[in-house]
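Remarks on the overall topology
Chain by chain, the residues:
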Amino acid sequence: PMKEIVCKLLVIGAGPGGYICAIRAGQLGVDTVIVEAVKAGGTCLNIGCIPSKALIHAAEEFEKINHMANAKSPLGISVEAPKLDLAKTVAWKDGIVGRLNSGVLGLLRKAKVKIVHGRARFRDGKTVEVETETGTQVIRAETVVIATGSEPVELPFLPFGGPVISSTEALSLKTVPQKLVVVGGGYIGLELGTAFAKLGAQVTVVEATQQILPQYDAELVRPVAKRLGELGIRVLTGAKAKGLSDEGVALLIETAEGEEQRLPADKILVTVGRKPRTEGWGLDELDLDRAGKFLRIDDRCRTSMRGVHAIGDITGEPMLAHRAMAQGEMVAEIVAGKKRTWDKRCIPAVCFTDPEIVTAGLSPDEARAQGYEIRVGLFPFNANGRAMTMLSEDGFVRIVARADSNLVLGVQAVGTGVSELSSAFALAIEMGARLEDIAATIHAHPTRSEGFQEAALKALGHALHI
Ligand code: FAD
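Residues numbered from 1 in each chain as written. Predicted model: local features only at pLDDT ≥ 70, side-chain atom pairs only at ≥ 80, totals over all residues.

Further remarks concern the overall build of the chain. When its secondary structure is counted, the chain shows 14 helices and 24 strands. The C-alpha radius of gyration computed for the chain amounts to 24 Å, which stays within 12% of the reference 23 Å derived for 466 residues, consistent with globular compactness. Considered along the principal axes of its C-alpha atoms, the chain spans approximately 70 × 65 × 45 Å. Taking contacts inside the chain between residues at least 6 apart in sequence as the whole, the part at least 24 apart equals 64%. (Helix = DSSP H or I, 4+ residues; strand = E, 2+ residues; numbered from the N terminus. Rg over C-alpha atoms; globule rule 2.2 N^0.38 Å. Contact = placed C-beta atoms within 7 Å.)

Right, dumping it as structure tokens:
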């Protein structure tokens, strides 16, 4: 039998939550072991954030050139229609993933973290066994961090396999499906659906609620819905997927009007949410407190068992990589003896659709629901010079502030490239900025970020460019 490893900190799962936690702990001199069943970087690096953004970028480039070839470009550029070799695109994406993968492993080694490859299984709250290539490795630790992330939700009447795929398979298709049906109009389904439509697929989105991207207000979603229409994507809201049709490959749905319809498809991409990875590895037996399906944690990411922390997707919404990383860093510092708590005023979120949506802090509806009297300033990109020069006038920046003190409670934006404004929005909220602070900050001209300053001015009652 292999010699038991005894360590101070054991991190289970090397996604963005786990690997950041292990790197920071290692930097602080904590004797740390990390166990990973598949590949360092987790969902985000291997089958999530990074590969999806690579595919989205390739699709944007293809669509731009295609548009120039088919329609008269106002820029005075004419080109031949582009050709696509999706297998090459996917190989390029895999190359980026591979580079980042080695990078994460290198950073872990540099921080003197011991990496164990294999699936961990709890024996008790402080001991796991890992089936490695060379045998069963037992690891005992003073403190354990659970960072095993999440996986796609499977619909019982549309199990994954054959034409029914999850985001994971969608990111590695070698050819563009002629007909793609996306079940679930949340951010993952729309990001991928838009990319495939740009690459030439006929895309239909089936969404059960009355609006795509149901977590956002209608004002934010409108520019995205308009663009989906321009790209020829059919959106069926209030429609329920029922199962596969018997004849040929097709999805049976019940429309909003209660009629049964058959949607022919080469691939059916099911993106109806993600669930925490809590089953099948001894976690159930530990009987930790839950918040719904997720592990319940306190403001230091402690679970209900002493010495066992949990971070990332397994702890619930928002299931985002940067939240997992921030939690991982905090827990590492706590384990190293520093005083830290989780006191984030806002975790920005980006939806990489076309155009992109950014939210940070409270929306107007959320602020009102929390009892605030608010001022809202909205600045449309069609009044922004840079946006005009970039043919991207749809969308706006919207600021929500307290009516009494002008303290900024939230910022939302929809528009091309607004993802890069997300950190300015988050910074304003974290630092307790007031509308006057943003209005007084000189924003470089001509940039789309001027929309942020103008939205603050608008909320103060004296926008200069509208
Ligand atoms: P994960 O990244 O899921 O990592 C968990 C790791 O634990 C995995 O590597 C897994 O193999 C390992 N593991 C599980 N069980 C065991 C075990 N028993 N033993 C050993 N190892 C184990 N978020 C963003 O912020 N921005 C985006 O643009 C974005 N895009 C996304 C696009 C897609 C298509 C998807 C699917 C997700 C996207 N996300 C995005 C979400 C993001 O990927 C997750 O929030 C993030 O990966 C969560 O990190 P984590 O560390 O909690 O878990």
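Bringing the UniProt feature "domain: FAD/NAD(P)-binding" (unreviewed entry) in the chain into the picture now. The UniProt record marks residues 8-328 with the feature "domain: FAD/NAD(P)-binding" (unreviewed entry), using the residue numbering of this structure. Annotation note: span residues 8-328, helix share 33%, strand share 27%, distance between end C-alpha atoms 16 Å. (UniProt positions renumbered as here; feature names shortened; annotations may be inferred.)

The sheet built from five strands is open, its strands ordered 20-21-24-23-22 with antiparallel pairing. Two strands in the sheet have a free side with no partner beyond their single neighbour: strand 20 (349-351) and strand 22 (374-380). Within the sheet, the average angular offset between the axes of one strand and its neighbour, ignoring direction, is 10°. Relative to strand 23 (residues 396-402), strand 22 is paired through seven bridges, and the arrangement is antiparallel. Pairing of I374 across the sheet is with R402, part of strand 23. Across the face of the sheet, helix 7 (residues 218-230) comes into contact with strand 21 (356-361) and strand 24 (408-415) while running at roughly 10° to strand 24. Against the sheet, helix 12 (residues 422-430) touches strand 20, strand 21 and strand 24, its axis set at about 10° to strand 21. (Pairing = 2+ DSSP bridges. Axes fitted to C-alpha atoms, helices over the stretch in contact; angles between N-to-C directions.)

Let us now look at the UniProt feature "domain: Pyridine nucleotide-disulphide oxidoreductase dimerisation" (unreviewed entry) in the chain. Residues annotated by UniProt as "domain: Pyridine nucleotide-disulphide oxidoreductase dimerisation" (unreviewed entry) correspond here to residues 347-456. Structurally, residues 347-456 comprises 30% helix and 28% strand, and the distance from its first C-alpha atom to its last is 20 Å.

It is worth spelling out the sheet that holds strand 10 (residues 202-207) at this point. With respect to topology, five strands assemble into an open sheet ordered 8-15-9-10-11, the strand pairing being parallel. Both outer strands of the open sheet, strand 8 (164-165) and strand 11 (234-237), are each paired with one neighbouring strand and no more. Relative to strand 15 (residues 267-270), strand 9 (residues 179-183) runs parallel, the two sharing four bridges. Looking across to strand 15, one finds that L180 is bridged to K267. Against the sheet, helix 6 (residues 187-198) engages strand 9, strand 10 and strand 15, with an angle of about 165° to strand 10.

With that settled, the discussion passes to the packing of helix 3 (residues 49-70) against helix 4 (residues 86-110). The interhelical angle for the contact between helix 3 and helix 4, taken along N-to-C directions, is 145°, at an axis separation of 10 Å. As helix 3 packs across helix 4, the resulting crossing turns out to be right-handed. Mapping the contact onto sequence places I50, P51, A54, L55 and A58 in helix 3 and T89, K93, I96, V97 and L100 in helix 4. Among the residues forming the contact of helix 3 with helix 4, the class breakdown is eight nonpolar, one polar and one charged. (Left-handed = near helix turned anticlockwise from the far one by under 90°. Nonpolar A, V, L, I, M, F, W, Y, C, P; charged D, E, K, R; others polar.)

Taken together, 35 residues lie around the ligand, and G13, G15, G42, G149 and G312 are the ones closest in. Elements represented by at least two residues in the shell around the ligand include exactly helix 1 (16-27), strand 2 (32-36), helix 2 (42-47), helix 3, strand 4 (119-124) and helix 9 (321-335). Here the residues of the shell around the ligand sort into 17 nonpolar, 14 polar and four charged. (Near = placed C-beta within 6 Å.)

Bridge count between strand 4 and strand 5 (residues 127-132): five bridges; the pairing is antiparallel. When the bridges of strand 5 are listed, F122 appears paired with V128. Taking the residues between adjacent antiparallel strands as the criterion, strand 4 and strand 5 are bridged by two residues.

It is worth spelling out the environment of A360 at this point. For A360, the location among the structural elements is in strand 21. With 73 residues separating them along the chain, A360 and D287 place their C-alpha atoms 34 Å apart. Here A360 is in contact with C346, P348, G410, V411, S422, F425, A426 and I429, once residues within four sequence places are set aside.

On to unusual backbone geometry, then. Of note, the bond from E317 into P318 is cis; its omega dihedral lies within 30 degrees of zero at -10°. Mapped onto the fold, P318 is located in the loop between strand 19 (308-310) and helix 9. Its identity is not glycine, yet D287 carries a phi of approximately 60°, on the positive side. Using a count of 10 C-beta atoms within 10 Å as the deciding quantity, one classes D287 as exposed. Residue C301 is not a glycine yet carries a positive backbone phi of 65°. Of the residues examined, C301 has 26 C-beta atoms within 10 Å and is grouped as buried. (Buried ≥ 20, exposed ≤ 12 C-beta atoms within 10 Å, placed from the backbone.)

A few words now on the nonpolar core. One finds I12, C21, V145 and I399 to be the most contacted residues of the largest nonpolar core, which totals 133 residues. Setting aside anything within four residues of it in sequence, one finds I12 in contact with G18, V35, A120, V128, V144, V145, I146, A147 and T148. (Core = buried A, V, L, I, M, F, W, Y, C linked by C-beta atoms within 7 Å.)

Moving on, we get to the packing of helix 1 against helix 4. It is at 8 Å that the axes of helix 1 and helix 4 come closest, and there the two elements cross at 30°. With respect to each other, helix 1 and helix 4 are oriented roughly parallel. Handedness of the crossing formed by helix 1 with helix 4: left-handed. Taken together, the residues of helix 4 that come into contact with helix 1 (itself represented by Y19, A22 and I23) are V104, L107 and L108. Considering only residue class, the contact of helix 1 with helix 4 consists of six nonpolar, no polar and no charged. (Parallel < 35°, antiparallel > 145°, perpendicular 65-115°, else oblique.)

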